[in-house]
Amino acid sequence: MRLSEHIYRTVSSIRGPLLFVEQVLSVRVGEVVRIIRPDGGTMEGEVLKIDGRTVLIQVFGETRGLDVNSPVVFTDAVKKAPLSADIIGRVFNGSFLPIDNAPMFIPERWGKVSGFPMNPTARARPEEFIETGFSAIDGLNTLVKGQKLPIFSCAGLPSKELAAGILENSRLAGGGEFVVVFVALGLTHHEYSFYMRVIERMRTGFVAFINKADEPVMERLLAPRFGLACAEHLAFTRGMDVLVVITDMTNYCDALREVSTAREELPGRRGYPGYMYSDLASLYERAGRIKGMSGSVTMLPVVTMPEDDITHPIPDLTGYITEGQIVLSRELHQKGVFPPVDVLPSLSRLMQRGIGAGHTREDHRGIANLLYKHYAKGRDLRRLEAIVGRDGMVESDRMMLDFADAFERELVNQGGARRDINESLDTGIALLRRFSLEK
Amino acid sequence: MSGRILGISGPTVTVDLKGLKLYDMVRVGEAMLIGEVVRLEEDRAVVQVYEDTRGLGVGEQAKGVNVPLTVRLGPGLLSGMYDGLQRPLERLREETGPYISGGRELHALDLERPWRFFPLKQAGDEVAEGDILGHVEEGPFRHLISAMENGRIASIHPGEFTLAGPVGTYADGRVIQAHQEWPVRKPRPYRRKLSPQAPLVTGQRSIDFLFPFARGGTAILPGGFGTGKTILEQAIAKFADVDIVVYVGCGERGNEMAELLEEFVTLSDPWTGQALMTRTIVVANTSNMPVAAREASIYTAVTMAEYYRDMGFHVLLLADSLSRWAEALREISSSLEEMPGEEGYPTYLASRLASFMERAGVVETLSGSIGALSMILSVSPPGGDFTEPVTQACLRTAGAFLMLDTALAHRRHFPAINWFQSYSLYERDMVEHFSATVSPRWGEMQKRCRELLQREETLREVAEIVGIEGLQDADRLLMKAAERIRLEFLSQNAYTEDAFSAPDKTLAMIGDILEFYDRAEARLKAGEFLDDVLKG
């Protein structure tokens, strides 16, 4: 343990966001360094790797304009996030600096940015219903407190409208509202201003970490961790229910790939690093509830599937870690359905615990199963219809086709309106009755 | 033996220790993190550290311990939950709170808990390694205590004791302990291996009937996300007719582990009526816990499983998922800068997998009883693509391949085991066994069931073109029967009573469907119309 800062002027090479410093004594992995730019400004970095006296530093921020004579200050501290309840209502950039023209708050404590893994025996089972106001989610793919449920979208689909709808309309089953931690990664200005308008309209508390498309890539890796450190603080120190929305994870993964390639690591599938699963898990797994504590962290990451491909490494690895997924469909969007949720590939793994008597309604499970079953049948029949034509089908099959259409038009589609769980389930019952499909 | 840290890269740390052996344990840094030697060079050793290396500094101390990574084996392992390094998670939580911070050593066994020892041997007896000295009662199980060394017993004490003290002494002064340590990477010894004979009933109809699994066998369950790997593994953990279950959550979700724990405390074993947790050991190394410990976790688990196998029990090891283990191996390999094989996995992936899976089997133990260790391992192929290296490497060793099908899962057909692609190499022996124990018609019914499903598939292709109305009545009847097989027989809802199906129930159900088909077919032949036949 050194108790002072050390300054070195021995940078040997600069490669993208990476800096090699020679002849460094006594340094630790994860140590924060400050780099003084030739123009006098400073930027932060972190020690990634040590080989004898050669140290590899990952710089947070733009390395353009740095030269090998730039002094590097080793601070002997590991990266920490300032935490306080005063953070609510504030907007920060990806380096945790305020961008809302208000001064920095005074932290109550400093927390580890990457957090610690939660002891599995300390986890409380997620089972408290969250009403998002969307029938396709509440009725058929129910979200519960402490769950991580990503939205799988395609380029051009209204994922941000859906995320905004969930932000605005989510209510907890026992009453009460969420504190929202909003993490924007690589957002265009257009998207950014859309989300900011939504956040301003909301009455609930929020914290925002904004990294725009033209801001440093490294901050894209940091911002979600800051957001989650705040969420954990608010949830488990302050007892609040926190909803973390991260958009867009595809930009996060691309940033990860960019840094990994600069480090000359072995590329995995499609050039993404082999450790992407573990890295994504270190974010997603921070959602949850803890036994004996009142708060919760619920996570709603948005993933844009490149080439609409659900087997692409980003949605694929995400799906392996998260507890289900909400999949948006281009076809439904083109039919004018909003939200364009395709309920067949969508899934909420924790739904079973969060529905039924005491959570939603006693008949919830039965209705959901029936709707799903008949809609799946109707969808299957559409392929047949394409071959033999509607006239070539028996009456019961034609009815199934009509049911599938009505299901999309009336239950999934709800435009901008908010439906509570009773309205969602009643819409389902009405549909089933109209087609006399039991219930 | 102590030295200093020279370099750090991710989970691997270079230290200047000399005289270490490969796979010796090393403690590094002021935090005393646990690691294993994975490479020896002239004057330095490369250590794979099982905990987060963040904050570790160059120049900090490193200590060689001169023993390889071991697990502690003794009474009290059952109903415990451990991390990949066998730290008891419940006690860790009591001591350090809801988060795991690392660098902490906790004895896997509770040294203060009182046990009662019932000796079998007495003072003056000569014993050899593996001989049974006596037993303690661990819940409903007779936990055998065996000798770890040869020698003549000088004293042996019946009655109450704790693991902190000995249960006896040898004539030459060595003490006899009721617990031991064993290196995780070294298979525990046995007299000889036998071939699998008896079936392992899982309670899942599609497995027991179509792809029966054997005691001492290995099966893999590959499937894309959302195909129900975890739910199937957990259902098997609940209902399988085995004595002891070791469940490894290897790089999977934390909430799933919480759910499993809560459920297992309340449910009971359908075969014995005992609480499920009393027969279960859980090893949980979730996806956000250190990667290197994930690599070790399956070895920690299999060693505990072998320990109970050596008492003559039938132990089932369930791992979810082997792909995460392979990824951990890849991560470590790439931080060692080894030459990569296919998709970046090290070229030794297949041989490591094979030697792990070979630790399964039916054995005659050192004390002469018969124990079995069976393995059911899930695999998570990226993008649901079964041509990837981990699935392919498993296929070379596994005795059963239960392929989980995304299309079936989307239709909410669970367990989503594809009945055309899956296979079990134990099938012939097991069908013989079921024919002898349940019904002589088992094999014949299985054949008919397969045939119906196969013919349905062909007819379905026709029906897609001409429409179901265009088929003949006999074919439509067959489609109806096959649909009943799929929906009523092969599907099982994990959340209802039907989650478990005993072999006689399985046979009765398929018997009913086949009988329905035969009767209806006869009536069709007699000239009746299909619609009337189906009405009743």
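The numbers attached to residues start from 1 for each chain and follow its sequence in the written order. For naming, the first written chain is A and the first written ligand is 1, with later ones following in the order written. The predicted nature of this model means local features are confined to residues of pLDDT at least 70 and side-chain atom pairs, given and counted, to a pLDDT of 80 or more, with totals for whole chains, interfaces and linings taken over all residues. Hydrogen atoms and water are omitted, and side-chain values are computed over all heavy atoms in the structure.

## Observations regarding helix α7 (residues 313-321) of chain A
Residue pairs three or four apart in sequence face the same way in an α-helix, which turns once every 3.6 residues.
Next up, step 1: Think of it in three bands: with a 1.4 Å probe and only protein chains considered, a residue is buried below 20% of the maximum accessible area for its type, exposed above 50%, and partly exposed in between. Think of it this way: any DSSP run of H or I at least four residues long counts as a helix, any run of E at least two long counts as a strand, and we number them from the N terminus. Buried residues dominate α7(A), accounting for nine of its nine residues.
Next up, step 2: Buried within α7(A) are the following residues: A:P313, A:I314, A:P315, A:D316, A:L317, A:T318, A:G319, A:Y320 and A:I321.
Next up, step 3: Considering only its buried residues, α7(A) is in contact with β14 (151-153), α5 (249-262), α6 (276-284) and β20 (296-304) of chain A together with α3 (229-239) and α6 (322-335) of chain B. Working rule for contacts: check all heavy atoms of both residues, and any pair within 4.5 Å makes them a contact.

## Let's talk about a negative patch on the surface
Next up, step 1: Think of a patch as exposed residues, more than 30% relative accessible area, with no salt bridge, where like charges cluster within 9 Å and nonpolar side chains (Val, Leu, Ile, Met, Phe, Trp, Tyr) cluster within 5 Å. Method for areas: the Shrake-Rupley scheme with a 1.4 Å probe, in which residue coverage is limited to the protein chains shown. By salt bridge we mean one thing: a side-chain nitrogen of Lys or Arg within 4 Å of a carboxyl oxygen of Asp or Glu. Charged residues are defined narrowly, with Lys and Arg counted positive, Asp and Glu counted negative, and His plus the chain ends left uncounted. Where a charge lies is defined by one atom per residue type, namely NZ (Lys), CZ (Arg), CG (Asp) and CD (Glu). Taken together, B:D16, B:E41, B:E42 and B:D43 make up a surface patch of like negative charges.
Next up, step 2: In this structure, B:D16 sits in the loop between β2 (12-15) and β3 (24-28).

## What about the domain arrangement of chain A?
All names here are of chain A.
Next up, step 1: Domain delimitation in this document rests on an assignment produced automatically or drawn from a domain database. Under the domain assignment, chain A is made up of domain 1 (6-78), domain 2 (82-354) and domain 3 (364-434).
Next up, step 2: Between domain 1 and domain 2, the C-alpha centre-to-centre distance is 31 Å.
Next up, step 3: Taken together, the contact pairs nine residues of domain 1 with seven residues of domain 2.
Next up, step 4: At the surface where domain 1 touches domain 2, the tally comes to one salt bridge.
Next up, step 5: When the shortest N-O distance is used, the salt bridge between E264 and R15 registers 3.3 Å.
Next up, step 6: As used in this structure description, the phrase polar contact means that two N or O atoms lie within 3.5 Å; if the pair is within protein, one of them must be able to donate a hydrogen and the other to accept it, and residues adjacent in sequence are counted only when both atoms belong to side chains. Where domain 1 touches domain 2, the interface holds one residue pair in polar contact (both at pLDDT 80 or more).
Next up, step 7: Broken down by element, the side of domain 1 that touches domain 2 gets its largest block of residues, three residues, from strand β6 (residues 54-60).
Next up, step 8: Any residue outside Ala, Val, Leu, Ile, Met, Phe, Trp, Tyr, Cys, Pro, Asp, Glu, Lys and Arg is labelled polar, Gly included; the first ten of those are nonpolar and the last four are charged. Class assignment for the residues of the side of domain 1 that touches domain 2 results in five nonpolar, two polar and two charged.

## Some remarks on the packing of aromatic side chains
Next up, step 1: Stacked, edge-to-face and tilted labels apply to pairs of Phe, Tyr and Trp rings (six-membered ring for Trp) whose centres lie within 6.5 Å, assigned for plane angles under 30 degrees, over 60, and everything in between, in that order. Taken as a whole and judged by the stated rule, the model has 29 aromatic pairs over all chains.
Next up, step 2: Seen in terms of ring centroids, A:F152 and B:F225 are 6.4 Å apart; in terms of plane orientation they differ by 85°. Their pairing is edge-to-face. Of this pair, A:F152 sits in strand β14 while B:F225 sits in the loop between β21 (218-222) and α3, which puts the two residues in different chains.
Next up, step 3: The exposure class of B:F225 is buried, given its relative accessible area of 13%.
Next up, step 4: For the pair B:F239 and B:F500, a centre-to-centre distance of 5.5 Å together with 40° between the ring planes defines the contact as tilted. Note that B:F239 is positioned in helix α3 and B:F500 in the loop between α12 (473-490) and α13 (503-525), a separation of 261 residues in sequence. Across the pair, B:F500 and B:F239 agree in class, each one buried.
Next up, step 5: By the ring-pair criterion, three or more aromatic residues cluster together here, those being A:F92, A:F96, A:F105, A:F209 and A:F226.
Next up, step 6: Positioned above the aromatic ring of B:Y170, the side-chain terminus of B:R174 is 4.5 Å from the ring centre. Think of it as a cone above the ring: NZ of Lys or CZ of Arg counts as a charge over the ring if it is within 6 Å of the ring centre and within 35 degrees of the ring normal.

## Observations regarding the interface of chain A and chain B
Next up, step 1: Taken together, the 67 residues of chain A in the interface contact 68 residues of chain B.
Next up, step 2: Two parts placed together each lose some accessible area under a 1.4 Å probe, and the buried area is that loss summed for both. Here chain A packs against chain B, burying approximately 5700 Å² in sum over the two surfaces, 54% of which is carbon and sulfur.
Next up, step 3: Close ionic contact of A:R28 with B:E60 constitutes a salt bridge, the shortest N to O distance being 3.6 Å.
Next up, step 4: The tally of links from chain A across to chain B stands at 32 residue pairs in polar contact (both at pLDDT 80 or more).
Next up, step 5: Here the side of chain A that touches chain B takes six residues from helix α10 (residues 364-388) of chain A, the largest share from any one element.
Next up, step 6: Split into classes, the residues belonging to the side of chain A that touches chain B amount to 32 nonpolar, 17 polar and 18 charged.
Next up, step 7: DSSP calls a pair of strands paired once it identifies at least 2 bridges connecting them. Pairing of strand β5 (residues 42-51) of chain A with strand β1 (residues 2-9) of chain B involves three bridges; the strand directions are antiparallel. Bridge pairing links A:I50 to B:I8 in β1(B).

## Some thoughts on the pattern of salt bridges
Residue and element names in this part refer to chain A.
Next up, step 1: Under the criterion given, the structure shown has 79 salt bridges over all chains.
Next up, step 2: Close ionic contact of D405 with R382 constitutes a salt bridge, the shortest N to O distance being 3.0 Å. Note that D405 is positioned in helix α11 (residues 395-412) and R382 in helix α10, a separation of 23 residues in sequence.
Next up, step 3: For D405, a relative accessible area of 30% corresponds to the partly exposed category.
Next up, step 4: Judged by its relative accessible area of 17%, R382 falls in the buried class.
Next up, step 5: The closest approach of N and O atoms between R398 and E395, which form a salt bridge, is 3.1 Å.

## Focus: the nonpolar core
All names here are of chain A.
Next up, step 1: We define the nonpolar core as a collection of buried residues of types Ala, Val, Leu, Ile, Met, Phe, Trp, Tyr and Cys that are connected through side-chain atoms lying within 4.5 Å of one another. F209 and F407 are the most contacted members of the largest nonpolar core, which has 128 residues in total.
Next up, step 2: Tallying contributions element by element places helix α4 (residues 217-236) first for this core, with 12 residues.
Next up, step 3: In this structure F407 touches L140, V343, L371, Y375, V412 and L431, once residues within four positions along its chain are discounted.

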